[in-house]
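For reference, the chains in residue letters:
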Amino acid sequence: MHEAKNTARAIVHIGYDGKVYKQFKGHNAQGRFENEVRVLKVLEERGCNYVPRLLESDPAALKIVTTNCGSIVTHISEKRVKELFDDLERDYGVRHEDAFARNITYRNSDGRFCLIDFELATVLDQPPKPAA
């Protein structure tokens, strides 16, 4: 496994299988773990296709396994960062709460910017369905 991030809040590894392994640590690790699991499930239910899919969660170890959404973005305009996080809130009813470029990846397979790291996110009301 390749260590992608080791901070006061989490250790993140990219497995040889391509999956992302995240273990929560530090202040309020339990709450942040539970919130990220809940938010990822809500986003999947609401059909958001540019966030990781939750594959496994282990509450006892505070670990999750998700799909990989590509590589970290190193160059992106502040305007585009704002658009991406605003789209998430408007279209899927989730406010990220850590809306910075460090939480944006680029998925080569479809040329899509993706959003990651939902441990601080807030689930809002379900966004309205577009008129058919």
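Preceding block: the structure.
Here is what the cut-offs are and how they apply
Residues numbered from 1 in each chain as written. Predicted model: local features only at pLDDT ≥ 70, side-chain atom pairs only at ≥ 80, totals over all residues. Heavy atoms only, no water. Pairing = 2+ DSSP bridges. Helix = DSSP H or I, 4+ residues; strand = E, 2+ residues; numbered from the N terminus. Contact = heavy atoms within 4.5 Å. Axes fitted to C-alpha atoms, helices over the stretch in contact; angles between N-to-C directions. Buried < 20%, exposed > 50% of the residue type's maximum accessible area, 1.4 Å probe, protein only. Phe/Tyr/Trp six-rings, centres within 6.5 Å; stacked < 30°, edge-to-face > 60°. Lys NZ or Arg CZ within 6 Å of the ring centre and 35° of its normal. Salt bridge = Lys/Arg side-chain N within 4 Å of Asp/Glu carboxyl O. Core = buried A, V, L, I, M, F, W, Y, C linked by side-chain atoms within 4.5 Å.

Novice: Where do I start with the sheet that holds strand β6 (residues 71-72) in this structure?
Specialist: Across a sheet, paired strands are connected by hydrogen bonds in the backbone, their directions being either parallel or antiparallel. Reading across from one edge, β6-β8-β9 is the order of the three strands in this open sheet, with antiparallel pairing throughout. Two strands bound the open sheet, and with one partner strand each, they are β6 and β9 (112-115). The pairing of β6 with strand β8 (residues 104-107) spans two bridges and is antiparallel. Among the inter-strand pairings, S71 is bridged to a residue of β8, identified as Y106. Against the sheet, helix α2 (residues 78-92) engages β8 and β9, with an angle of about 65° to β9.

Novice: Help me understand the side chain of T66, please; the structure alone is not making it clear to me.
Specialist: Along the chain, T66 turns up in strand β5 (residues 63-66). The class of T66 is buried, set by a relative accessible area of 6%. Excluding residues within four positions of it along the chain, T66 makes contact with K19, V20, L40, P52, R53, L54 and L55.

Novice: For this particular structure, what's the right way to read the packing of aromatic side chains?
Specialist: This structure, assessed with the given rule, holds three aromatic pairs. Lying across the ring of Y50, R112 places its NZ or CZ 3.9 Å from the centre.

Novice: Where do I start with the pattern of salt bridges in this structure?
Specialist: Where charged atoms from two side chains of opposite charge come close, those side chains can pair. Summed over all chains, the structure comprises 14 salt bridges. For D117, the salt bridge goes to K22, with nearest N and O atoms at 2.8 Å. One end of the pair, D117, is in the loop between β9 and β10 (122-123); the other, K22, is in strand β3 (residues 20-24), and 95 residues separate them in sequence. As far as burial versus exposure is concerned, D117 and K22 are alike and both buried. D91 is the partner of R90 in a salt bridge, and the nearest nitrogen-oxygen pair spans 2.8 Å. Since its relative accessible area comes to 52%, R90 is described here as exposed.

Novice: How should I be thinking about the nonpolar core in this particular structure?
Specialist: Across soluble globular proteins, nonpolar side chains show a tendency to be buried alongside one another. If you look at the biggest cluster of nonpolar residues, it comprises 28 residues, and the most contacted ones within it are L43, L88, I104, L115 and F118. Contributing elements (two or more residues each) for this core: α1 (29-45), α2 and β9. Top element by residues in this core is α1. It accounts for six residues. Other than its neighbours up to four places away in sequence, L115 contacts Y50, V51, P52, L84, F85, L88, N103 and I104.

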